[in-house]
Amino acid sequence: MDRMYRVLGFWTIVIALMAFWAQLYPMALLFFGLTAFFVALSYMNLTERAYLNIFFGFMFVSFVGFTYYTFFVMPVGPQEHSLVLQTLL
């Protein structure tokens, strides 16, 4: 199970590098952080049950965060994104 966290770390670093090259810096920083989190967890030698509980907790937080973003933050229609407007003001 610890190797799967290294696989997750590999894919998050790939996504982070692609986001960095596309100048999506907040997304890149988020995925660089996820890479460090997954790789650090992979070397902790926890039990398989602990790894699964951590992963299920991570997925729960991710899904709740994505749902919150899509319902309350993401704009509806062709207007500018609310985060872009905050940085311009």
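The paragraphs below set out a description of the structure included in this document. Note that the structure is predicted; figures quoted are calculated from it, not measured. (Residues numbered from 1 in each chain as written. Predicted model: local features only at pLDDT ≥ 70, side-chain atom pairs only at ≥ 80, totals over all residues. Heavy atoms only, no water.)

**Concerning the overall build of the chain**
Basically, it comes down to this: Strands are runs of DSSP state E lasting at least 2 residues, helices are runs of H or I lasting at least 4, and numbering of each runs from the N terminus. Relative accessible area decides the class of each residue, using a 1.4 Å probe on protein chains only: under 20% of the type maximum gives buried, over 50% gives exposed, and in between gives partly exposed. Residues count as neighbours in contact if any of their non-hydrogen atoms are within 4.5 Å of one another. Residue burial considers only the protein chains on display, and all accessible areas are found by Shrake-Rupley using a 1.4 Å probe.
Per the secondary structure count, the chain includes four helices and zero strands. Taken from the N to the C terminus, the helices and strands of the chain come in the order α-α-α-α. Within the span of the chain, comprising 89 residues, buried residues form 16% of the whole. At a minimum sequence separation of 6, the contacts of the chain that also span at least 24 residues come to 45%. Carbon together with sulfur atoms contributes 75% to the accessible area of the chain, which is approximately 7,000 Å² in total.

**A word on the side chain of Thr35**
For the record, the criterion: Here a polar contact is recorded for every N or O atom pair within 3.5 Å, except that within protein the pair must consist of a potential hydrogen donor and a potential acceptor, and residues adjacent in sequence are included only if both atoms are side-chain atoms.
Structurally, Thr35 can be placed in helix α2 (residues 25–42). For Thr35, a relative accessible area of 10% gives the class buried. A polar contact of 3.1 Å, which involves the side chain of Thr35, links it to the backbone nitrogen of Ile13. In contact with Thr35, not counting residues within four places along its chain, are Gly9, Thr12 and Ile13.

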